[in-house]
Amino acid sequence: MVTQAAMAGETPGAPATLRSTARPAAADKGSELVARLGTSRTAGSWINAEGRPVVAVTDEKAAAEVRQAGAEAKLVRHSMNELKAATATLRAAPRVPGTAWVMDYRNNRVIVQADSTVSAADWSRMTKVANRIGTFVHMQRTKGTFTTRLNGAQAMLSTGGRCSAGFNVTDGQRDFILTAGHCGPTGSIWFADGQGGQELGRTVKSSFPGGDFSLVQYTSGGAGQGAEIVAIGGGRGVRITGAADPVVGQRVFRSGSTTGLRTGEVTGLNATVNYPEGTVTGLIQTTVCAESGDSGGPLFSEGIALGVTSGGSGDCTTGGTTFFQPVTKALAALDVKLIVAPPQQDTGTSSGSSSEETPQSAVAPDAASPGSSAPVTGGTGSTTLLSRLSDPSNVGPGLMVIAGSLIVLVAARWIRTEQERKAYQRYYSATWG
């Protein structure tokens, strides 16, 4: 899957810096009120259409405190403790691949979804579990299937499959690509081309299932110039200036190798998805569409990194649901930091700054933008190659075919000599077109 978060060029004399956290103003106020009032008196917060924080509360006294703090209060019946207890009961039930659940803060309920692969018998059993919990657990059938978005387009090619790169990160000594964990296990070797001539790096850490994130260490050791830019197609990119957790109601953007730049809304947090390969928890649920080839690509808003593409259902023709691994959780688990642009590098074309004075969601959701614009140019070596690959217009039709051979994928790990590499080139070319 081609990396829509590919490394691109940067403005000379303005090196990338390190920053790990940035929080939207509205989300800050909402989460502060939730923390102050406690989970027995609240049931989540979100941003409304005007960009104002809304807090779900269970009593009038809590509602008065929320209004006094300048936020909107919504009285609800069920507390966060009850919503969490419901999801814990669902997790304890026998696992059913093709199902997912998330806490719907705005409607004070838990939504359980089942895709087209879930049998009538399994659906009936899950419905009985939901009925025992209470009427605030809502059962919902969805079209399509919940799958990880792995195969399908030109991008980083490895023994584990194909994926899009997410963001560039560093441990202070070495640079890495942050991508989805389901893309390949630790030890997977990644190439930038179908002939195995441009080795990008090797997966050194991976989490899947459970989480869905991994680190690919650059063979060269460094990400190169433009490491803070994610490509969005048409030779353009967005400067990443920080990382944060999203908030329900926030407008977000996803960039991927197959479908390019797409937008949608955050509809839920801490979602659980039962993929066929295993269960992943703590995900961001959105209305952003995605297709095969977009896996591992970046989710962002106003220049703030939010997540990497995990999976979902539907497509970009009919729409669907897409889940993302939160960036902040992945960074903490992997003990790395995001490589970002310095605040002064903002061109003024949009409000993409991660400074505390310019929070990412200080605007209404409909007014949000991807972030500060930047050209995808410059760089050398693998950086230049990845920048070219990141544009969907450069994806060859032959590489759009979902095909291949497990033998080829396994053999790539053992390519060490020039003779083996040439054999891989010939076989890969014949198999993938």
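Residues numbered from 1 in each chain as written. Predicted model: local features only at pLDDT ≥ 70, side-chain atom pairs only at ≥ 80, totals over all residues. Heavy atoms only, no water.

Taking an unreviewed UniProt entry as the reference, the protein chain is identified by name as S1 family peptidase belonging to Streptomyces thermoalcalitolerans. Taken verbatim from the UniProt record of the protein chain, the Sequence similarities (unreviewed entry) comment is "Belongs to the peptidase S1 family." (UniProt positions renumbered as here; feature names shortened; annotations may be inferred.)

Trainee: For this particular structure, what's the right way to read the side chain of Asp212?
Mentor: Mapped onto the elements, Asp212 comes out in the loop between β14 (199-207) and β15 (213-218). By relative accessible area, which is 0% here, Asp212 ends up buried. Ignoring sequence-local partners within four residues, the contact set of Asp212 consists of Thr179, Ala180, Gly181, His182, Ser207, Val280, Val308, Ser310 and Gln325. (Helix = DSSP H or I, 4+ residues; strand = E, 2+ residues; numbered from the N terminus. Buried < 20%, exposed > 50% of the residue type's maximum accessible area, 1.4 Å probe, protein only. Contact = heavy atoms within 4.5 Å.)

Trainee: How should I be thinking about the pattern of salt bridges in this particular structure?
Mentor: A side chain with one charge may pair with a side chain of the opposite charge, provided their charged atoms come close. Tallied over the full model, the rule gives seven salt bridges. The partner of Asp122 in a salt bridge is Arg125, and the shortest N-O contact between them spans 2.0 Å. Linking Asp122 with Arg125, this pair stays in helix α4 (residues 120-133), spanning three residues, or about one helical turn. Taking the relative accessible area as the measure of exposure, Arg125 reaches 51% and is therefore exposed. The shortest N-O distance in the salt bridge between Asp171 and Arg174 comes to 2.7 Å. The exposure class of Asp171 is partly exposed, given its relative accessible area of 31%. What makes Arg174 partly exposed here is its relative accessible area of 37%. (Salt bridge = Lys/Arg side-chain N within 4 Å of Asp/Glu carboxyl O.)

Trainee: Looking at this model, I keep getting lost on the sheet that holds strand β3 (residues 53-57). Mind explaining?
Mentor: Sheets are built from strands that pair by backbone hydrogen bonding, the pairs being arranged parallel or antiparallel. Across the sheet, three strands lie side by side as β2-β3-β4; this open sheet has mixed pairing. Each end of this open sheet is capped by a strand with a single partner; those strands are β2 (42-47) and β4 (72-75). Taken over all neighbouring pairs, the strand axes of this sheet differ in orientation by 20 degrees on average, direction set aside. Pairing of β3 with β4, which is carried by four bridges, proceeds in the parallel orientation. (Pairing = 2+ DSSP bridges. Axes fitted to C-alpha atoms, helices over the stretch in contact; angles between N-to-C directions.)

Trainee: Looking at this structure, how should I read the pairing of strand β6 (residues 109-114)?
Mentor: Each regular strand shows side chains that alternate between the opposite faces of the sheet. With respect to burial, β6 is a largely interior element, five of its six residues being buried. In this structure, the hairpin formed by strand β5 (residues 99-104) and β6 is closed by a connection of four residues, where Asn108 is found at a positive phi of approximately 50 degrees. When β6 meets strand β7 (residues 137-141), the two strands line up parallel, connected through five bridges. Paired with Gln113 across the bridge in β7 is Gln140.

Trainee: When you look at the state of the cysteines in this model, what are you seeing that I'm missing?
Mentor: Disulfides are covalent bonds that link the sulfur atoms of two cysteine residues. The full count for this structure, using the stated rule, is two disulfides. Two residues share a disulfide in this structure: Cys163 and Cys183, whose sulfurs sit 1.7 Å from each other. Taking the sign of the torsion about the S-S bond as the criterion, the disulfide between Cys163 and Cys183, at about -90 degrees, is left-handed. A residue pair is termed long-range when its members are at least 10 positions apart, and Cys163 in strand β10 (residues 161-163) and Cys183 in the loop between β12 (175-179) and β13 (189-191) qualify at 20 residues. The residues Cys163 and Cys183 share a single accessibility class, namely buried. Each sulfur of the disulfide joining Cys289 and Cys316 lies 2.0 Å from the other. Judged by the torsion about the S-S bond (95 degrees), the Cys289/Cys316 disulfide is right-handed. Here Cys316 lies in the loop between β23 (304-315) and β24 (319-326) and Cys289 lies in the loop between β21 (278-286) and β22 (298-301), a separation of 27 residues in the sequence. (Disulfide = S-S within 2.5 Å.)

Trainee: Explain the environment of Thr241 to me, please; I cannot follow it from the model alone.
Mentor: Here Thr241 is to be found in the loop between β17 (236-239) and β18 (242-243). Given a relative accessible area of 5%, Thr241 falls into the buried group. Spatially, the C-alpha atoms of Thr241 and Ile229 are 9.2 Å apart, while their sequence positions differ by 12 residues.

Trainee: Explain α4 to me, please; I cannot follow it from the model alone.
Mentor: Residues three or four positions apart in an α-helix share a direction because the helix packs 3.6 residues into each turn. Given a rise of 1.5 Å per residue, 14 residues ought to cover 20 Å, and the 20 Å separating the end C-alpha atoms of α4 matches this to within 8%. Those residues of α4 that fall on the buried side of the exposure criterion are Trp123, Met126, Val129 and Ala130. Around the axis of α4, the buried residues are gathered within 120 degrees of arc, so they sit on the same side. Those residues of α4 that are exposed and angled more than 90 degrees off the buried face are Ala120, Arg125, Lys128, Asn131 and Arg132. For α4, the elements touching its buried residues are α3 (80-92), β5, β6 and β7. (Expected span 1.5 Å × (residues − 1). Arc of directions from axis to C-beta.)

Trainee: Any chance you could explain helix α2 (residues 60-68) here in plain terms?
Mentor: Of the positions making up α2, those classed as buried are Ala62, Ala63 and Val66. Viewed along the axis of α2, the buried residues span an arc of 100 degrees, placing them on a single side of the element. In α2, the exposed positions that point more than 90 degrees away from the buried face belong to Glu60, Lys61 and Gln68. Its side-chain oxygen 3.1 Å from the backbone nitrogen of Lys61, Asp59 forms the N-cap of α2. (Polar contact = N/O pair within 3.5 Å; in protein donor to acceptor, adjacent residues only side chain to side chain.)

Trainee: Honestly, the layout of surface pockets in this entry has me stumped. Any pointers?
Mentor: To locate leftover empty space, one rolls a probe as large as a water molecule over the atoms. Approximately 520 Å³ is the volume attributed to the largest pocket. Along the wall of the largest pocket there are 23 residues; nearest its centre are Ser31, Ser45, Tyr105, Pro246 and Leu269. Residue assignment for the lining of the largest pocket shows that the elements contributing at least two residues are α1 (25-37), β2, α3, β20 (260-275), β21 and α5 (327-334). Of all the elements, α1 adds the most residues to the lining of the largest pocket, at four residues. Considering only residue class, the lining of the largest pocket consists of 12 nonpolar, seven polar and four charged. For the second largest pocket, the calculated volume is near 180 Å³. What lines the second largest pocket is Val102, Asp104, Arg106, Ile111, Gln113, Gln140, Thr142, Thr267, Gln285, Thr286, Thr287 and Thr321. Sorting the residues of the lining of the second largest pocket by element identifies β5, β6 and β21 as the ones contributing at least two each. Its residues assigned to classes, the lining of the second largest pocket comprises two nonpolar, eight polar and two charged. (1 Å grid on protein atoms, 1.4 Å probe; cavity = no way out; pocket = protein on both sides within 12 Å on 5 of 7 lines; lining within 4 Å. Points joined across faces, edges and corners; volume = space filled by probe spheres on them. Nonpolar A, V, L, I, M, F, W, Y, C, P; charged D, E, K, R; others polar.)

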